[in-house]
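Observations on the model geometry
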2 protein chains.
Amino acid sequence: MTEDAASRPEARAPRGFADRRGRDLVAERRLVQRVSEVYERWGFEPLDTGAFEYADALGKFLPDADRPNEGVFALQDDDDQWMALRYDLTAPLARFAAQGWETLPKPFRRYAFGPVWRNEKPGPGRFREFVQCDADTVGSDRPEADAEIIAMACEGLQAAGLAAGQAVIRVSNRKLFDGLFEAGGVTDPIQKLTALRAIDKFDRLGWEGVSLLLGEGRLDESGDYTKGANVPKAVAATIEAFLASAGDGALSRAETLNRIAQAGGLGATGESALEELAAIDRALTAMRVGEDAVRFDPTIVRGLEYYTGAVFEAELLLETIDEKGRAVRFGSIGGGGRYDDLVARFTGERLPATGFSFGVSRLASALRAAGRGDEDAVRGPVVVIVFSQDDMQHYLDAVSELRNAGIAAELYLGRAGMKAQMKYADRRGAPAAVILGGDEIAAGQVTIKDLDAGRALAAGITDNEAWKAERPGQRVAPRAELVATVRAIVDAARTAS
Amino acid sequence: MTEDAASRPEARAPRGFADRRGRDLVAERRLVQRVSEVYERWGFEPLDTGAFEYADALGKFLPDADRPNEGVFALQDDDDQWMALRYDLTAPLARFAAQGWETLPKPFRRYAFGPVWRNEKPGPGRFREFVQCDADTVGSDRPEADAEIIAMACEGLQAAGLAAGQAVIRVSNRKLFDGLFEAGGVTDPIQKLTALRAIDKFDRLGWEGVSLLLGEGRLDESGDYTKGANVPKAVAATIEAFLASAGDGALSRAETLNRIAQAGGLGATGESALEELAAIDRALTAMRVGEDAVRFDPTIVRGLEYYTGAVFEAELLLETIDEKGRAVRFGSIGGGGRYDDLVARFTGERLPATGFSFGVSRLASALRAAGRGDEDAVRGPVVVIVFSQDDMQHYLDAVSELRNAGIAAELYLGRAGMKAQMKYADRRGAPAAVILGGDEIAAGQVTIKDLDAGRALAAGITDNEAWKAERPGQRVAPRAELVATVRAIVDAARTAS
């Protein structure tokens, strides 16, 4: 079967697709498991739709050509219909809800997790396949439904491993700017977009820079000139009040709403947005959601077109150290909002919906970088060393006793000698190696190497003599005490980590 | 955003792709979770490769044309390379092992689960996306590695919910027939294939029919003539002995091997296959794997080309009732074997490997059909009924108390009245509904409807007066006893099911 070197395929994963193993994968799965438990306790049922949707259902309009459009992985089925891999979990939910609405409990709460695919240019840390975890309520127009999603997201993030104060969910309402622009006579879509982009630069440029971009335009230090949005002065004044309220971390949710109301100029649409936010605040407060955990921030502008009301953004506040030793804020790890028109694309009838989504790998790597990863998840199995084929029964008995006691264990199954086997055990992250040589077997004994102690000694982590006496690198025990001895080592390793 | 009816997309899942919800999905996830725990205890680490592989890595040879070949979902990346969605979990493992072999512990044990995609004609119960769960050891040529995979598969199937005696793993070795054909002078590939197909019909035709198909040919009852394989008499005699040993359920593994050895005519290749099977038997016996759980059956012929030695097939023995009330055997739910050449496709160097794979949905539906499903998984949340916006705080407190006690609970968030809310709770599979009307709140009480009791009464399942007294459909409790009262109902429902 071996082919010529020239005709052999190269072993490589496609660009932008990652292989994930052991430690990272186990941590991600536990994270999803813990969040799922929260979501189920809140009455959200699991849903799994297929990887493909018809392209028209995804809201992409494919040209009738060989090359499907950018952004999605699309192909033509044998009945000539275009299918595409889902790029998020919201579009498939909208299709599912429209398809089966008659038979679903109303409102319908569901959570989902799984890979999504984006046909974008891959790069370092930029993948074309990643796991999202979503929760949505379809069929409720109540602000309590938004509040529930927000409160549940908070509890989910805590279950994932974030301590209080390590994350904040910022909430706003799309209709605030809609109303503001409407009342201020800003109707040109390009002008609106330019204004929103200016607001988005507040962090970097401050009010001075933003006010130029809302006005005539701004000349930056490199000499580049950016044409401004040229919005009316009254509109700019309201935006300034928005930014001030967002920047003032001491304001409660109710106080933020007061500030916005005082700024005025919101028009009927903006006022109704304020009322919705006030109702969300009442529900959040009734659910005892702290002012630190969920804040109102009128500058939150979620990119997706389809939001129609409340919008949410989850931001990590914990600082982590990057590979160059610099403190880094992780920033946004998820978001969501109300999208009352998405199901109507199929049915023509408005069906209110609201939801929250976060990136699983992104949250997991933030937790890992912040030292809040699930270290217990990384231990390899105990390795039983193999010397002679004749003693296989002894090795198999040892490995099976350990497993029956709930300790992960394996037999070395290569053909290498003792030294290579110890190296293998080390590479596996094994807490211990079990040695049953001829002498041990004859004496009814077993030698157990404490590999963690060995690693600690080798790394010079401890030279404390008492510690060495308590955790020698190697101990000989009666064969009957195999499980108890190994368990003591595994437990010590767990406590120490 | 609402478009004209004519321009609206139809809400439908692509052909051959299923939406899966609640009960079935939870049962499948628990199954995978339990099997994963077993595999990790045996020292297999999790691996997740991407959905796509380069087409050449999958071993498919795509024409340089618009239409990729049958069987896989393929598309051309923007650098013109063909990529295809994985059709199993073995090909990606071979690619991964070849790519990173230098850095992996050797032997390398991994398990994996996830969707695989087949671009085949969909039909009832025939999907183009389904979940597989695999475990493989790469880099060990020891028969103990095969035995370990087989023994672990047995333990995994038990953890999934199969009782002893409900499944059997049948084991054979590809090289038995290779040796037999070689020694008997059967060299024509078509002749070999015809002979193997004849053997595969033993269940239906018995030895009489098979012997005709191994000889000149066979005229069936409808008058159709099937040309035979025309193998030499000695070869046919050995095959007869194979079939007799396979059909005799009383034979131990060692006795089956004896029968095969006595039949003779296996040649050097066949003899080495027998030796491998004997070593697998010794290891299985050393691991206390029962003769009923794993049998040798020389007629096992796995379809896949790439097997080079031992082959396994897991068969469900439990009988289930189909929708027409007939007893049905589920048959094969998985299999595997040794494939020592698959990694060599990339590297040119032989790397021994062995593994086992099963279909998750298929096993889950077998368990469900056999009444061994995970009924506990299907309960909906407790539903708190909503009457007046003014009493929202009371409802939210109740729902949050229940959740904090670990009981799944939700607030009704639609806009419908009491009757529709009770219907909603019933549709959700709620064990109980919590009623906090104005009167209850004023009196410091809560009314709790036991919906299971209500369903049982409605269905006439019980008219026992004592039972009714013990589990009335509805009870009024002091508000402080909300959690205790609901818990009693949830626990009673769990015990009864």
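Here the residue numbering is sequential within each chain, running from 1 through the sequence in written order. All chains are assigned letters beginning at A, and all ligands numbers beginning at 1, according to the order in which they are written. Residue-level local features of this predicted model are given only where pLDDT is at least 70; pairs of side-chain atoms are given and counted only at 80 or more, and the full residue set underlies all totals for whole chains, interfaces and linings. As a rule here, side-chain values cover all heavy atoms of the structure and leave hydrogens and water aside.

The contact criterion used is simple: two residues touch if any of their non-hydrogen atoms lie within 4.5 Å. At the junction of the two partners, chain B supplies 106 residues and chain A supplies 105 residues. Throughout, the accessible surface (probe 1.4 Å) given up by two parts as they are put together, summed over both, is called the buried area. Carbon and sulfur atoms supply 51% of the area that chain B and chain A bury against each other, a total of about 9,500 Å² over both sides. A carboxyl oxygen of Asp or Glu within 4 Å of a side-chain nitrogen of Lys or Arg is what we treat as a salt bridge. Taken together, the connections running from chain B to chain A amount to 24 salt bridges. Two residues, Asp79(A) and Arg15(B), come together in a salt bridge whose shortest N-O distance is 3.2 Å. Distance and chemistry together define a polar contact, namely a pair of N or O atoms within 3.5 Å, with one atom able to donate a hydrogen and the other to accept it when in protein, and with adjacent residues in sequence counting only for side-chain atoms on both sides. Inspection of the chain B/chain A interface yields 60 residue pairs in polar contact (both at pLDDT 80 or more). A run of DSSP states H or I qualifies as a helix once it reaches four residues; a run of E qualifies as a strand once it reaches two. Both are numbered from the N-terminal end. Of the residues forming the side of chain B that touches chain A, the biggest block, six residues, is contributed by helix α1 (residues 22-41) of chain B. In short, DSSP must find at least two bridges between two strands for them to pair. Relative to strand β1 (residues 20-21) of chain B, strand β2 (residues 45-48) of chain A runs antiparallel, the two being bridged by two bridges. What sits directly across from Asp48(A), in β1(B), is Arg20(B).

All right, on to the sheet that holds strand β5 (residues 82-85) of chain A then. Strand pairing in a sheet takes place through backbone hydrogen bonds and is either antiparallel or parallel in direction. All names here are of chain A. Pairing is antiparallel across the open sheet formed by three strands, whose spatial order is β3-β5-β4. Looking along the sheet, the strands with just one partner apiece sit at the ends: β3 (52-54) and β4 (74-76). Taking the axes of each pair of neighbouring strands and ignoring which way they run, one obtains an average angle of 35° across the sheet. With three bridges joining them, β4 and β5 adopt antiparallel strand pairing. What sits directly across from Leu75, in β5, is Met83. What counts as an axis is a line fitted to C-alpha atoms, over the stretch in contact for a helix, and the angles between N-to-C directions run from 0 to 180 degrees.

This brings us to the packing of aromatic side chains. Pairing of aromatic side chains requires ring centres within 6.5 Å, counting the rings of Phe and Tyr and the six-membered ring of Trp. Pairs whose planes differ by under 30 degrees are stacked, by over 60 edge-to-face, and all others tilted. A complete count under the given rule lists 23 aromatic pairs over all chains for this structure. Relative to Phe73(A), the ring of Phe17(A) has its centre 6.0 Å away and its plane inclined at 45°; by these criteria the two rings are tilted. Taken as a pair, Phe17(A) in the segment before β1 (20-21) and Phe73(A) in the loop between β3 and β4 lie far apart in primary sequence, 56 residues in all. The exposure classification of Phe17(A) matches that of Phe73(A), with both residues buried. Measuring from centroid to centroid gives 6.5 Å for Phe356(B) and Phe358(B), while their planes differ by 35°, and the two rings are tilted. Only protein chains enter the accessibility calculation, which uses a 1.4 Å probe; a residue whose area is less than 20% of its type maximum is buried, one above 50% is exposed, and one in between is partly exposed. Overall, the relative accessible area of 3% leaves Phe356(B) in the buried class. A ring has a charge above it when a Lys NZ or an Arg CZ is no more than 6 Å from the ring centre and no more than 35 degrees off the ring normal. The cationic tip of Lys106(B) hangs over the ring face of Trp101(B); the distance from NZ or CZ to the ring centre is 5.1 Å. The ring of Phe346(B) is capped by Arg345(B), whose NZ or CZ atom sits 5.3 Å from the centre of that ring.

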